[in-house]
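What follows is each chain in one-letter form.
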Amino acid sequence: GSGEHAEDGPLGERGGVHAGAGRDDDALELGLGELSLLHLAAAARGDAPRVGVLGDGQLARMMAAPAAELGLDLRLLAGAPDASAAQVIPGSTTGDYRSVEDVVRFARDLDVVTFDHEHVPSEVLTALRNAGTPLHPGPEALIHAQDKLAMRRAVEEMGLPNPRWAEVHQVE
């Protein structure tokens, strides 16, 4: 889905931009209040809010146009200068999303950081948060992308539609 809730309108019930329907809003929502704070911080500097993305794949590439429409300065930590997202995001830096040093250096002048895929190590995200960088979603959100059993259990606990599934311990 688009991440929007039909009954909430395009900005969601709490006025935030949702990353996806059925997810933990506290972990994955960047509310309008936070977005306004980004704009205020940027206005004090005389420029646009700087949003960093770790990873250079399809999701990061798809962020380019909406970021421009929102007046955000999108920055990218790409694995290579010719990576998919680096081709459309001018503010690209080449580095390794698995390296705490590269990520902390990349995020130094950013207002907020997010990530493009579930392969960013939670230790890197934790180090980034510990360095004082606002991070959305946080490292705890990764568990549902990295562990499909945890994801299925969470979907079930929320009472959302879930295909039949079973935990398998051994192959017959």
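Our subject is the structure listed above.
Residues numbered from 1 in each chain as written. Predicted model: local features only at pLDDT ≥ 70, side-chain atom pairs only at ≥ 80, totals over all residues. Heavy atoms only, no water.

1. A look at helix H3 (residues 58–69)
- Among the residues of H3, Ala60, Met63, Ala64 and Ala67 are the ones counted as buried. Looking straight down H3, one finds its buried side chains confined to an arc of 125 degrees; they lie on one side. Along H3, the residues that are exposed and aim more than 90 degrees away from the buried face are Gln58 and Glu69.
- Looking at the buried side of H3, the elements it contacts are strand S3 (50–54), strand S4 (73–78) and strand S6 (112–115). (Buried < 20%, exposed > 50% of the residue type's maximum accessible area, 1.4 Å probe, protein only. Helix = DSSP H or I, 4+ residues; strand = E, 2+ residues; numbered from the N terminus. Arc of directions from axis to C-beta. Contact = heavy atoms within 4.5 Å.)

2. Structural notes on the pairing of S6
- Along S6, one buried face is formed by Val112 and Thr114 and the opposite face, lined by Val113 and Phe115, is buried too.
- Sheet analysis places S3 next to S6, joined by four bridges and oriented parallel. Residue pairing for S6: Gly52 is matched across the bridge by Val113. (Pairing = 2+ DSSP bridges.)

3. Regarding unusual backbone geometry
- Of note, the amide linkage connecting His136 to Pro137 takes the cis form, showing an omega dihedral of -10 degrees.
- Counting through the fold element by element, Pro137 comes out in the loop between helix H5 (122–130) and helix H6 (143–146).

4. Structural notes on the sheet that holds S4
- Strand order across the open sheet formed by four strands is S5-S4-S3-S6, with parallel pairing between neighbours. Two strands lie at the open edges of the sheet, namely strand S5 (91–94) and S6, each paired on one side alone. Each strand of the sheet is rotated relative to its neighbour by a mean of 25 degrees, with strand direction disregarded.
- Bridge count for S4 against S5 is four bridges, and the pairing is parallel. Among the inter-strand pairings, Leu77 is bridged to a residue of S5, identified as Thr93.
- Packing of H3 onto the sheet brings it into contact with S3, S4 and S6, and relative to S4 it is tilted by some 165 degrees. (Axes fitted to C-alpha atoms, helices over the stretch in contact; angles between N-to-C directions.)

5. What to know about the packing of aromatic side chains
- In the structure shown here, the tally under the stated rule is zero aromatic pairs.
- A cation over an aromatic ring shows up here: Arg98 above the ring of Tyr97, its NZ or CZ 5.2 Å from the ring centre. (Phe/Tyr/Trp six-rings, centres within 6.5 Å; stacked < 30°, edge-to-face > 60°. Lys NZ or Arg CZ within 6 Å of the ring centre and 35° of its normal.)

6. Some remarks on the environment of Ile89
- Take Ile89: it is sitting in the loop between S4 and S5.
- Once the C-alpha coordinates of Ile89 and Ala78 are considered, the two residues, 11 residues apart in sequence, prove to be 10.0 Å apart.
- Those residues within four positions of Ile89 in sequence are excluded, and the remaining contacts are Ala60, Ala64, Leu74, Arg75 and Leu76.

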